[in-house]
Amino acid sequence: MLEALQNQKLEAWIHEMIELTKPAGVHICDGSQEEYDTLCAQMVERGVFTKLAQRPNSYYAASDPRDVARMEKRTFICSENEIDAGPTNNWMPPQEMETKLRSLFEGCMHGRTLYVIPFSMGPLGSEIAHIGVELTDSPYVVCNMRIMTRMGLEILDLLGEEGGFIPSIHSVGVPLHVGDHDVAWPCNPEETLVVHFPEKRSIWSFGSGYGGNALLGKKCFALRIASVMGRDEGWLAEHMLIVGITNPEGKKKYFAAAFPSACGKTNLAMLESKLPGWKVECVGDDIAWMKPRLDGQLYAINPEAGFFGVAPGTSLKSNPNALRTCNENSIFTNVALTENGDVWWEGLTETPPDNLIDWQGNPWDPASGKPAAHPNSRFTAPAHQCPVIDPAWEDPEGVPISAILFGGRRDSVIPLVYEAFDWNHGTFLGATISSQTTAAATGAVGKLRHDPFAMLPFCGYNMGDYFGHWLSMPQYAPKLPKIFAVNWFQKSPEGKYLWPGFGDNIRVLKWIFERCEERAEAEESAIGYLPKQLDISGLSLNLEALFQIDKKEWLKEVAEIRVYFEQFGARLPEGICRELDALEKRLNQ
Ligand code: SAT
Ligand code: MN
């Protein structure tokens, strides 16, 4: 079967990995519907998947309760020098890590099939796209990768004899020997490691089958490795959604927006406008690759082909388009199951249906105080099924970006929206995002942490250098987007949200759109430009509270940022220090 591979590098690598991992068989994925259906049927037979009676061609999977989210403590950037991984990443000397990995992977696929997944991140043949190959012993990963990426034999053709690709290998880390009984969700949490070698541009993941730990095209390739490629080649790989906004006159602009995991990126990406005549269409909900073109602008593609969205909180009210997207051909992981063969999660409906089975497969007791669906439960759904997918979402040229938004989950201090004075100031806004933590990563929920550019867990190199790369972008793209900061999550002292969010966020997007056209007016403040007017027609709310700038709180913020930045030492660019000093000075005026 391997003879079918024309690319010698690929063939040699696969041979080496077969020798190391010793699988019982090898399957090169052709990406066909038939192959997908066969794998799903096999998983149903083995109890991995439950076919959903209520949604065509859709399945439910429950993970091991120890394997439910990204494990940041076990994620490593193994650059040659520790300083190049920087203070925000885990590091180990690459030789030492490679030795460790080789011993973990030795025979780890015994009794299992090794699947070869050739995939493209981005539309086939796009100059912004890149090819990867993932080897995995998990059919669950194969099926998810088929939704999340463009996968199949045509990628091997595109690769040809000489083409380059990012090699990545994944194993659940549970070899099967004669007499062993396999479980529905094999994993090896004690030994889990998600490792990136930025100089070699390769990825090794062991022990987890969940999300970003296992679907290696996503966070591992499209963010950690691609951020390194972007630094070296003059482009940006970002944790951003991409949306197209059309105004009532039919004019269209594209925005990219960075928020930490589980802060509503998918909701914003598919927003149903509450303002008549304004329309939002979705290019992507999680990752943007942006490259400069000859006209001096940044053009973005969504490197993914599907959504791996947070299920809880997704409802007809919060995100009807996401619900419609996962009506069929979707995979649901760690949600709850209904009696009649459908899925349910907290927030889907106001009252839960009777007789739910919780995400761990037990009858759910509403009085238990435990959620029926895991807070990081997910749907995997094809992007083309999204009713508001943008007509240009697969355009190989990408879409021109007019504005970049940075946001976090902050119950105070940060106003609803403000605009950066210029690119350097905007870079500073990205560098100083902090946000209350969510269930997307293991660890405490609700703690305030710095998450620069929402890339803290996803930057493949020294974060200080990454700030520097952003500052250097004008040299590659003279016509850069305007930059804005947003915060949907401010609360009153009584703990009530001050801003309705969701479909009403269009009001903020409208102001940003009109700022890009130099039509909307703004007022200069110490922190940036604030809207002179915001379209809140039909809403009754406290605008003053939403835009209040508490200088004392801001000066505390500045002092805190100064301490946070210390860890970057000499790698913190001059340009960022200057912005911090300038902000402090303005606040003291
Ligand atoms: O990394 S995942 O793909 O599991 C999801 C996320 O954290 O955004
Ligand atoms: Mn994400």
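Worth saying up front: this structure is predicted, and the values here are computed from it rather than measured. (Residues numbered from 1 in each chain as written. Chains lettered and ligands numbered in written order. Predicted model: local features only at pLDDT ≥ 70, side-chain atom pairs only at ≥ 80, totals over all residues. Heavy atoms only, no water.)

(A) Structural view of the pattern of salt bridges. Tallied over the full model, the rule gives 41 salt bridges. Among the salt bridges present, the one from Glu 397 reaches Arg 293, with a minimum N-O distance of 3.3 Å. Separated by 104 residues along the polypeptide, Glu 397 in the loop between strand 21 (378-382) and strand 22 (399-407) and Arg 293 in the loop between strand 15 (288-292) and strand 16 (298-301) bring together distant segments of the chain. Between Glu 514 and Arg 519 there is a salt bridge, and its shortest N-O distance comes to 3.3 Å. Classification of Glu 514 as buried rests on a relative accessible area of 15%. By sharing partners, the salt bridges in this structure join Glu 249, Lys 251, Lys 253, Glu 514, Glu 517 and Arg 519 into a single network. (Salt bridge = Lys/Arg side-chain N within 4 Å of Asp/Glu carboxyl O. Helix = DSSP H or I, 4+ residues; strand = E, 2+ residues; numbered from the N terminus. Buried < 20%, exposed > 50% of the residue type's maximum accessible area, 1.4 Å probe, protein only.)

(B) Quick peek at the domain arrangement of the protein chain. Per the domain assignment, the segments making up the protein chain are domain 1 (2-48 + 63-233), domain 2 (237-306 + 390-588) and domain 3 (307-385). Each of domain 2 and domain 3 has a C-alpha centre, and the two are 29 Å apart. Contacts between domain 2 and domain 3 engage 14 residues on the former and 18 residues on the latter. Between domain 2 and domain 3 the total buried area reaches about 1200 Å² when both faces are included, carbon and sulfur atoms providing 61% of it. Of all residues in domain 2, Met 270, Glu 272 and Gly 306 bury the most surface against domain 3, accounting for 39% of the area lost on that side. Viewed at the interface, domain 3 and domain 2 are joined by 1 salt bridge. Note that Arg 324 and Glu 272 form a salt bridge whose closest N and O atoms lie 3.4 Å from each other. (Domains from an automatic or database assignment. Contact = heavy atoms within 4.5 Å. Buried area = accessible area lost by both parts, 1.4 Å probe.)

(C) Focus on the side chain of Asp 285. For Asp 285, the position within the fold is in the loop between strand 14 (279-284) and strand 15. Lys 218 provides the closest opposite charge to the buried, unpaired Asp 285, separated from it by 5.3 Å. (Lys, Arg positive; Asp, Glu negative; His and termini not counted.)

(D) Looking closely at the sheet that holds strand 18 (residues 331-333). Ordered by their spatial adjacency, 5 strands build an open sheet running 2-3-18-21-17, and the pairing between neighbours is mixed. On the outer flanks of this sheet lie strand 2 (49-51) and strand 17 (306-310), each paired with one strand and no other. Here the strands of the sheet are splayed against their neighbours by 20 degrees on average, with no regard to which way each runs. Strand direction decides the pairing type here: strand 18 and strand 21, joined by 3 bridges, are antiparallel. Within strand 21, the residue paired with Phe 332 across the bridge is Phe 379. Helix-sheet contacts for helix 2 (residues 33-45) involve strand 2, strand 3 (59-61) and strand 18, and the interaxial angle to strand 2 is about 105 degrees. (Pairing = 2+ DSSP bridges. Axes fitted to C-alpha atoms, helices over the stretch in contact; angles between N-to-C directions.)

(E) Quick peek at the coordination of the manganese ion (ligand 2). At this site the manganese ion (ligand 2) is bound by Lys 219 (NZ), His 239 (NE2) and Asp 286 (OD), with donor distances of 2.0 to 2.2 Å. Mapped onto the sequence, the residues coordinating the manganese ion (ligand 2) show the spacing K-x19-H-x46-D. Of this pair, His 239 sits in the loop between strand 11 (236-238) and strand 12 (240-246) while Asp 286 sits in the loop between strand 14 and strand 15, and the two are 47 residues apart along the sequence. Since its relative accessible area comes to 7%, Asp 286 is described here as buried. (Donors = N, O, S within 2.8 Å, 3.2 Å for Na, K, Ca; no water.)

(F) Representation of the packing of helix 2 against helix 5 (residues 139-148) within the structure. Relative to each other, helix 2 and helix 5 sit at 145 degrees, their axes nearing to 10 Å. The way helix 2 lies across helix 5 gives a crossing that is left-handed. Between helix 2 and helix 5, the residues in contact are Gln 33, Tyr 36, Leu 39, Cys 40 and Met 43 and Pro 139, Tyr 140, Val 142, Cys 143, Arg 146 and Ile 147, respectively. When the residues that make up the contact of helix 2 with helix 5 are grouped by side-chain class, the tally is 9 nonpolar, 1 polar and 1 charged. (Left-handed = near helix turned anticlockwise from the far one by under 90°. Nonpolar A, V, L, I, M, F, W, Y, C, P; charged D, E, K, R; others polar.)

(G) Seen up close, the packing of helix 11 (residues 423-431) against helix 16 (residues 574-588). Where helix 11 contacts helix 16, the two axes come as close as 9 Å, and the packing angle between them is 90 degrees. The pairing of helix 11 with helix 16 is recorded here as roughly perpendicular in orientation. In this structure, helix 11 uses Asn 424, His 425, Thr 427, Phe 428 and Ala 431 to contact helix 16, whose residues at the interface are Ile 576, Glu 579, Leu 580, Leu 583 and Arg 586. By residue class, the composition of the contact of helix 11 with helix 16 is 5 nonpolar, 3 polar and 2 charged. (Parallel < 35°, antiparallel > 145°, perpendicular 65-115°, else oblique.)

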